[in-house]
Amino acid sequence: MRVEAAERAAPGVGWDRLRAALARMDLLLVVLLMMAVLTALQPQFFLTRENLTNVARQIASNAVLALGQLLVVVTAGIDLSVGSVMGLCMTILALATKAGWPALASLAAAVALGAAVGAANGLALTRLHLPHPFIATLATLNVARGATYLLSGGVPISGLSPEVRWLGSADLLLFPGTPLETAIPVSFLVVIGLYLTGAVFLRRTPTGRHLYALGGNPRAAQYAGIHTARMLVLVYALCGTLAGVAGVLLAGRVNSAYPTAGIGAELDSIAAVIIGGASFFGGRGSAGGVFLGAVIMGLLRNGLNLMNVSVFWQQVFIGLIILLAVYVDVLRRRAAQVEP
Amino acid sequence: MSEPARVEMRGITKRFGPVVALQSVDFSVQPGEVVGLVGDNGAGKSTLMKILTGVYRPDGGEIWFEGRRVHFASPLDSRRLGIEMVYQDLGLAENLDTVANLFLGRELTRRVGLWRLLDEPAMERRALEHLEGLRVELPSLRLAVERLSGGQRQAVAIARATAFAAKLVIMDEPTASLAVAEAGKVLELIRRLRSQGVSVVLISHRLQDVLEVADRVAVLNRGRVAGVLPGHGTRLEDVVALIVGGLA
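## Focus on the overall build of chain B
Phase 1: Each helix and strand in chain B was counted, giving eight helices and 12 strands.
Phase 2: Taking 248 residues into account, the globule formula puts the C-alpha radius of gyration at 18 Å, and chain B, at 19 Å, falls close to it.
Phase 3: By principal-axis analysis of the C-alpha atoms, chain B measures approximately 65 × 40 × 40 Å.
Phase 4: Within chain B, residue pairs in contact and separated by at least 24 positions form 66% of the contacts whose partners lie at least 6 positions apart.

## So, the overall build of chain A
Phase 1: Regarding its fold elements, chain A presents 14 helices and four strands.
Phase 2: Scaling as 2.2 N^0.38, a compact globule of 340 residues should have a C-alpha radius of gyration of about 20 Å, and chain A matches this with 21 Å.
Phase 3: For chain A, the spread of C-alpha atoms along the principal axes amounts to about 65 × 55 × 40 Å.
Phase 4: Taking all contacts inside chain A whose residues are at least 6 apart in sequence as the whole, residues at least 24 apart take part in 75%.

## Description of the sheet that holds strand β3 (residues 34–39) of chain B
All names here are of chain B.
Phase 1: Pairing is mixed in the open sheet, where six strands are placed in the order β6-β9-β10-β3-β11-β12. Strands with a single pairing partner mark the edges of an open sheet, and in this sheet they are β6 (83–86) and β12 (224–230). Strand-to-strand twist across the sheet, computed as the mean angle between neighbouring axes with direction ignored, equals 20°.
Phase 2: In this sheet, strand β9 (residues 168–172) lies alongside β6 in parallel orientation, the contact comprising four bridges. Following the sheet pairing, Met 85 is matched in β9 by Ile 170.
Phase 3: Along the sheet face, helix α5 (residues 150–162) touches β6 and β9 and points at about 165° away from the line of β6.

## A short note on the interface of chain B and chain A
Phase 1: At the interface, 31 residues of chain B touch 28 residues of chain A.
Phase 2: Those elements that place two or more of their residues in the side of chain B that touches chain A are β8 (115–118) and α4 (120–133) of chain B.
Phase 3: Tallying contributions element by element places α4(B) first for the side of chain B that touches chain A, with seven residues.
Phase 4: Per-class residue counts for the side of chain B that touches chain A are 16 nonpolar, five polar and 10 charged.

## Side note on the sheet that holds strand β1 (residues 7–16) of chain B
All names here are of chain B.
Phase 1: The strand order across the open sheet built from four strands is β2-β1-β4-β5, with neighbouring strands paired in antiparallel fashion. Two strands bound the open sheet, and with one partner strand each, they are β2 (19–29) and β5 (68–70). The mean angle between the axes of side-by-side strands here comes to 30°, regardless of whether they run parallel or antiparallel.
Phase 2: The pairing of β1 with strand β4 (residues 60–65) spans five bridges and is antiparallel.

## Examining unusual backbone geometry
Note: most residues except glycine have negative phi, and most peptide bonds are trans.
All names here are of chain A.
Phase 1: For Ala 76, which is not a glycine, the phi torsion comes out positive at approximately 70°.
Phase 2: Among the secondary structure elements, Ala 76 is positioned in the loop between α3 (49–74) and α4 (82–98).
Phase 3: For Phe 175, which is not a glycine, the phi torsion comes out positive at approximately 50°.
Phase 4: Tracing the chain through its elements places Phe 175 in the loop between β2 (171–174) and β3 (182–185).

## Some points on the pairing of β3(B)
Consecutive side chains of a regular strand alternate in pointing toward one face of the sheet and then the other.
Residues and elements named next belong to chain B.
Phase 1: In terms of burial, β3 is largely enclosed, as six of its six residues are buried.
Phase 2: Along β3, one buried face is formed by Val 34, Gly 36 and Val 38 and the opposite face, lined by Val 35, Leu 37 and Gly 39, is buried too.
Phase 3: Bridge analysis of β3 against strand β10 (residues 199–203) gives four bridges, and the strand direction is parallel. Opposite Val 34, over in β10, you have Val 200 as the bridge partner.
Phase 4: Taken together, the five bridges between β3 and strand β11 (residues 216–221) define a ladder with parallel strand orientation. Directly across from Gly 39, in β11, lies its bridge partner Leu 220.

## Quick word on the packing of helix α7 (residues 162–169) of chain A against helix α11 (residues 228–254) of chain A
A packed helix pair is summarised by two numbers, namely the angle formed by the two axes and the spacing between the axes.
Residues and elements named next belong to chain A.
Phase 1: Viewed as axis vectors pointing N to C, α7 and α11 meet at an angle of 95°, and their least axial separation amounts to 7 Å. The angle between α7 and α11 places the two elements in the roughly perpendicular class. On α11, the residues touching Val 164, Arg 165, Leu 167, Gly 168 and Ser 169 of α7 are Val 248, Leu 249, Leu 250, Ala 251, Gly 252 and Arg 253.
Phase 2: Class assignment for the residues of the contact of α7 with α11 results in six nonpolar, three polar and two charged.

## Examining the nonpolar core
Phase 1: Core analysis: the largest hydrophobic core is formed by 173 residues, its most contacted members being A:Val64, A:Met86, A:Leu93 and B:Leu202.
Phase 2: Among the elements that make up this core, the one with the highest residue count is α11(A) (16 residues).
Phase 3: Beyond its immediate chain neighbours, meaning those up to four positions away, A:Leu93 contacts A:Ser106, A:Leu107, A:Ala110, A:Leu160, A:Val164, A:Gly247, A:Val248, A:Ala251 and A:Ala257.

Cut-offs and rules
Residues numbered from 1 in each chain as written. Chains lettered and ligands numbered in written order. Predicted model: local features only at pLDDT ≥ 70, side-chain atom pairs only at ≥ 80, totals over all residues. Helix = DSSP H or I, 4+ residues; strand = E, 2+ residues; numbered from the N terminus. Rg over C-alpha atoms; globule rule 2.2 N^0.38 Å. Contact = placed C-beta atoms within 7 Å. Pairing = 2+ DSSP bridges. Axes fitted to C-alpha atoms, helices over the stretch in contact; angles between N-to-C directions. Nonpolar A, V, L, I, M, F, W, Y, C, P; charged D, E, K, R; others polar. Buried ≥ 20, exposed ≤ 12 C-beta atoms within 10 Å, placed from the backbone. Parallel < 35°, antiparallel > 145°, perpendicular 65-115°, else oblique. Core = buried A, V, L, I, M, F, W, Y, C linked by C-beta atoms within 7 Å.

Set out below in structure tokens:
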């Protein structure tokens, strides 16, 4: 057996893994480059505490949606319903608050609703044997959006609990009174916590590994005795749960549940997943990459805002970035295949 | 014989509606024996093996494993006894590396707080030992399986089937898609398994491969056993005659 010496010395580390980590650095480079350019172009605005915390707050809900979307995409699926589910969860959160529920109870209700709708997506896919997750989640997209309008009467509901507003809009002061003093939005800390958990789940647990196997070759997963249907229900339930969490963060940020919240958000989450390097054929993608994908989208929007570029152009740029990100990936994969 | 057969199938019958797929088939494999299972398409080879792995239940007949009568309700039952199948499509997750594939569904873990995390160093160590025992050469254990050659993938699939105290490994066309040199390595691997006491059932259309490595060759013809020939000294034409011949 011929194995490279470095691998023998350090089992589990390996050159390939290091190389894979380096290959992901390109996204980090893009982020740093964007920040450098924005600093150069808008020196008096971009690197200010207000602006940076603003960006971090703004990307929070999309980042959380994208993490759920990643779990689904790893299994070669897609969840089109996350934007609507997020809107529905926001409305439930606001209604529960208005009805006098304690903050924690209404928060739990919103997240649990997300989990339930997600599980329903998974069950529709696995029990009704719908041919593609596109269909089940497209149905849910419409059902959840309709339900949101029905429940809210089509008008925004404002006035959320202080706890939810704290989650969505407050800053935490780290190292106060020292030169290292930094303000970090609470919602951004939630995002980081969720992404760290997601990364450990995907890369370090048997269940996470089974998701990659399922996405890479469903038959292999079946042969290995993995309950693929149960896995899929779990994944869509987690995605729905995260949509609920994203709804809480967004509602807390804007202090309102508006019935149009999250329209098109599923596409933003998918964009972050793609820019983050996940494969739509399943079995590929990392939490770290998708996090950077969400950051890149946030920086782009922020930079264009600072430069007074219209939102219509922003959409054009996001589209071009998606194209570029996937094309770079195609090139890289082609290069990898030429290697022996 | 002092030692009971590793597997003995007696009078196995299987019908699919009006079609009789298998008609009282007897089939046995001794410990450390390589048995070739050949026959034309539709002769019943894969049906017989699906019964042995618990995918199908027979309509008649008995299965004995190491002297005990057994009933398989699902593939998990047969796997628990050490019967493993290497499918023709290999059943590997090509996006994962060799270590992940060897342990897929049976990962080694360790507890870290509330989490049950993958124990990568332990898995890698055991994978390395196992592959060295089979003398399988791979460029790296951490390369995604899709980056390996066809023969290397086949070796990974066989290693996966034998990683957990397998007693009988069924291989479906393991050499069909391989170049001659790589096929030779797979046959070498089969011999090595035999020397370790593992029984092998080799389903193959490449009769020269079967005759090269098998101790016995069982020929199925339209759901019946057309004959069982010794692997050594049997001519290719004799096997072909049984495969294509009308039943005696």
